[in-house]
Amino acid sequence: MLSMFRNPAIAIPGAVSLFMVCIALFAPVLAPFDPLAGSLEARLLPPAWEANGDMAHLLGTDRMGRDVLSRLIHGAQISLSVVALALLIAGSIGSALGIVAGYVGGLTEALLMRLVDLALSLPIILIALLFGVVFGPDFGNIVIIISLVLWSQFARMARSETLKIKNSEFIDLARTAGLHPIAIMVRHIVPNVAGPLIVLATLQVGTVIIIEASLSFLGVGVPPPTPAWGSMIAEGRSYIVSEPWLCIIPGLAILITVLAVNMLGDALAETLNPELARRPGGH
Amino acid sequence: MLSFISKRFGEMAVALLLMSVVVFLLGRMTGDPVALLLSDYSTPQDRARVEQELGLDRPLVEQYGAFIVNVLKGELGNSIMGDQSPAADLILERFPASLQLAGVALLISFLIGVPLGVVAATHRGKTLDVAARLVALIGQSVPIFWLGIMLMYFFSVRLHLLPTSGYGTAAHFVLPAATMSLFTIAAVTRLVRASMVDILNAEYIKLARIKGLSESVVIWKHALRNSLIPVLTFMGSFFANMITGAVVIETVFAWPGIGRLAYEAILNRDFPVIQAVVLFMTALFIGANLVVDLLYAWVDPRIRYGRR
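None of the values given here were measured: they were computed from a predicted structure.

Draft legend 1. How the structure looks around the packing of helix α6 (residues 127–141) of chain B against helix α8 (residues 170–199) of chain B. Residue and element names in this part refer to chain B. Packing of α6 against α8 leaves a shortest axis separation of 8 Å and a crossing angle of 135 degrees. By the angle class used here, α6 and α8 are oblique. Crossing of α6 over α8 shows left-handed handedness. Between α6 and α8, the residues in contact are Ala-132, Val-135, Ala-136, Gly-139 and Gln-140 and Leu-182, Phe-183, Ile-185, Ala-186, Thr-189 and Arg-190, respectively. Partitioned by chemical class, the residues of the contact of α6 with α8 number 7 nonpolar, 3 polar and 1 charged.

Draft legend 2. Here's a closer look at the nonpolar core. Core analysis: the largest hydrophobic core is formed by 158 residues, its most contacted members being A:Leu129, A:Ile146, B:Ala262, B:Ile274 and B:Val277. It is helix α3 (residues 68–104) of chain A that contributes the most residues to this core, 17 residues altogether. Counting the residues that make up this core, at least three belong to each of domain 1 (2–72) and domain 2 (91–303) of chain B. Excluding its chain neighbours within four sequence positions, the residues that come into contact with B:Ile274 are A:Leu129, A:Leu130, A:Val133, B:Ala262, B:Ala265 and B:Ile266.

Draft legend 3. Summary view of the environment of B:Ala240. Relative to the assigned elements, B:Ala240 resides in helix α11 (residues 235–252). For B:Ala240, a count of 24 C-beta atoms within 10 Å corresponds to the buried category. Taking the C-alpha atoms as reference points, B:Ala240 and B:Lys206, 34 residues apart in sequence, are found 37 Å from one another. Residues within four places of B:Ala240 in sequence aside, it is in contact with A:Pro123 and B:Phe285.

Draft legend 4. Structural context of unusual backbone geometry. With an omega of 5 degrees, the peptide bond between A:Pro224 and A:Pro225 qualifies as cis. With respect to the helices and strands, the residue A:Pro225 is situated in the loop between α8 (181–217) and α9 (229–236). The backbone of B:His160 shows a phi angle near 50 degrees, a positive value even though the residue is not glycine. Turning to its location among the elements, B:His160 is positioned in the loop between α7 (144–158) and α8. Even without glycine at this site, B:Ala254 takes up a positive phi of about 50 degrees. Looking at the element boundaries, B:Ala254 is found in the loop between α11 and α12 (258–267).

Draft legend 5. Broad picture of the packing of helix α6 (residues 139–165) of chain A against α8(A). All names here are of chain A. Close contact between α6 and α8 brings their axes to 9 Å; oriented N to C, the two are set at 155 degrees. It follows that α6 is roughly antiparallel to α8 by the angle criterion. Relative to α8, α6 is oriented so that their crossing is right-handed. Across the interface between the two elements, Ile-142, Ile-146, Val-149, Leu-150, Gln-153, Phe-154, Met-157, Ala-158, Glu-161, Thr-162 and Ile-165 of α6 pack against Ile-189, Asn-192, Val-193, Pro-196, Leu-197, Leu-200, Gln-204, Val-208, Ile-211, Glu-212 and Leu-215 of α8. Partitioning the contact of α6 with α8 into residue classes produces 16 nonpolar, 4 polar and 2 charged.

Conventions and cut-offs
Residues numbered from 1 in each chain as written. Chains lettered and ligands numbered in written order. Predicted model: local features only at pLDDT ≥ 70, side-chain atom pairs only at ≥ 80, totals over all residues. Axes fitted to C-alpha atoms, helices over the stretch in contact; angles between N-to-C directions. Helix = DSSP H or I, 4+ residues; strand = E, 2+ residues; numbered from the N terminus. Parallel < 35°, antiparallel > 145°, perpendicular 65-115°, else oblique. Left-handed = near helix turned anticlockwise from the far one by under 90°. Contact = placed C-beta atoms within 7 Å. Nonpolar A, V, L, I, M, F, W, Y, C, P; charged D, E, K, R; others polar. Core = buried A, V, L, I, M, F, W, Y, C linked by C-beta atoms within 7 Å. Buried ≥ 20, exposed ≤ 12 C-beta atoms within 10 Å, placed from the backbone. Domains from an automatic or database assignment.

Here is the structure:
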């Protein structure tokens, strides 16, 4: 298992992802300024490497004089919290339903899998837009909406993985020993299907970050003045001619993070579960 | 085949019905429509009368029935903005521009993605393969709305080569279509590469080679034809990406399509229009998936009998 980390295809994107997680975790300590506090004197300062840049504001300031670096760091926290919560909710609910469907079979399985097909056939981003307009932009809503998008993929995979091991000897043994079906699922099936589900979760991280950024960009995501990467790009868009860095910097943050997790997910999938590596992805 | 078609039509109907229930229920939660129509001096009797006129005093199921009947008649409500034009008219007015953009983007994706995938598969591990995989990876990792802004910044603001935004000439198509197709190019490349690699090891390809056919005929005629089948299955999800992508891309480039209509409606909290656009896009989305499934079943008979 440890030798995996000597593979540069895993180690490099792994290190970048870990770096981003650390930034998100320690955002309040790392950020040099309050991300919400503006200053009228320090409006629209260019980054430090430009001619009239200020060393205090390494990545410059936005139209309200707020420090871009600090907003970026806090933005990482927003983005990764949405990722963690959405994957936790979608992953656990989806996997639980998939395992039950696979193990119990019969009508339960037929109904649950129909629901999965149905969920996969709806354009959930559009539902997210409706939700955003009806309930207003809100952190909790974003998490719920993104979980609604993702659970079905976990359910589908958990079911097929459960079917693979359902009839193996150790499950039969547990059954003849009189173990309750719930106990069998929790103690014997979950540990054996967790691997591929974790790889699937890694492959979904990038998708979640991009969905959240897109919704925030459209104004139905995390509400301002919270520094979400997507809304930073939306705010910077009006200054693209004179202050292009306001748009470039948060976009680069998204690109680097998503690229790292996608490369990590692909490499993990290739080593642990070659079947997964074949999907073309989507967001 | 007939039972397969009827089954898929049934599933499509259920999906559309479910979506209409979601849209209807969300519509009922957008606040009190009666309050908007009453003045401060209205009595409870006025309120009851307005509720009765709007049918809001009837059971929810009955209200939903009336909603569906209206939707089927093409009456999707009126915009709350401007001259309160019917939402259906707004959609029909804007739809051609969206269709043109998505069509051009889809064409570009195939013209670039297919050859790129073939070259990557036949030169496995070489520079071109690595480059193609890198482009594919970046294409899947970049937020498209940001890519659009960056392309606009470099090609329009800095280099003055193309118009920043708007609609009209062929030059206006370049940036939005390029932005919209990047993800699909990446996906097509990966799909073609993967299936090409498998197919090049197949018996019939070996036979074609033994027969003495030239390598280019083997690859571009025999192998390519079969490696396009998986691309076909993903047409539905490509189209879906373009529909959802249209909202952000049309917003960035001020493209007068239904995506931008949706964004404007979001800004104005114009619920009837959002509701109409979402219903319309969902029908498109589900319809496209259905067409692709039927095509796929027609091309590959195993699907008709095997799956499900």
